[in-house]
Amino acid sequence: SSADVQERAQVHAAKALLRLTAGDPAGALEAATVAFDCRDGMGIRYEAASEGFVVAVESALALNDEPRAVELLRCVEVMPPGLLSPFLVAQCERFRGRLAANHGEIETADALLCSAVDRFREIEFSFYLGATLLDRAVCLANIDATEEAGSSAREAADIFAGLGAKPWLGRASALQRRIRDSTVA
């Protein structure tokens, strides 16, 4: 209820992340959209707008609402390059890679995910580096590219272990087991 746009955006960005983590992607998308919409007054580089964008796309993908995810991506991709942060460019590549993987366009997906990995390394954003490595591992595991998938999953697990990100570490470890079991079978 604050009159301060920044405070409202920060609260909605936090609500969005909590709702997504709690398994409520519809509620997360609603809150994230409010945070992302503050870009009109605060600019796209404003932290709450950027995080709102990320959670909004994650939520749309969790809801299998590809048209909404694409619409959100276009909102960012049409902006002049000088307005976009390396973080947002990397996120767009990451999400475009996931969409390509969903359509079976594995070479395109891998190229986009590798580019996002490189960008997250460059800006030293460990959590999203791990998330993107995990996205890449899932993509490659689905086509039985087990050596590369295993390498990406291991690096993601190491990052999440170092960050104490237990749910993400659990996902990476489960994928490593799946990859290991598929090579044994």
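Let me sum up the structure you'll find in this document. (Residues numbered from 1 in each chain as written. Predicted model: local features only at pLDDT ≥ 70, side-chain atom pairs only at ≥ 80, totals over all residues. Heavy atoms only, no water.)

**Focus on the overall build of the protein**
Piece 1. The helix and strand inventory of the protein stands at 10 helices and 0 strands.
Piece 2. Listing the helices and strands of the protein from first to last along the sequence gives α-α-α-α-α-α-α-α-α-α.
Piece 3. Expected size for 185 residues packed as a compact globule is a radius of gyration near 16 Å; at 17 Å, the protein falls within 12% of this value.
Piece 4. On the principal axes, the C-alpha backbone points of the protein span a range of 60 × 30 × 30 Å. (Helix = DSSP H or I, 4+ residues; strand = E, 2+ residues; numbered from the N terminus. Rg over C-alpha atoms; globule rule 2.2 N^0.38 Å.)

**Things to note about the nonpolar core**
Piece 1. The biggest cluster of nonpolar side chains holds 48 residues, and the ones touching the most others in it are Phe53 and Val76.
Piece 2. Contributing elements (two or more residues each) for this core: α2 (25-37), α4 (47-62), α5 (66-77), α6 (86-102), α7 (106-122), α8 (126-141), α9 (146-163) and α10 (166-184).
Piece 3. Examining the composition of this core, we find that 8 residues originate from one element, α8, more than from any other.
Piece 4. Setting aside residues no more than four positions away along its own chain, phenylalanine 53 makes contact with Phe36, Leu72, Leu73, Val76, Leu88, Gln91, Cys92 and Phe95.
Piece 5. Listed in part, the 7 residues of the second largest apolar core include Ala13, Ala35, Tyr46 and Ala48. (Core = buried A, V, L, I, M, F, W, Y, C linked by side-chain atoms within 4.5 Å. Buried < 20%, exposed > 50% of the residue type's maximum accessible area, 1.4 Å probe, protein only. Contact = heavy atoms within 4.5 Å.)

**Topic: the environment of arginine 119**
Piece 1. Tracing the backbone shows arginine 119 in helix α7.
Piece 2. Those residues in contact with arginine 119 that sit more than four places away from it in its chain are Pro86, Val89, Ala90 and Glu93.

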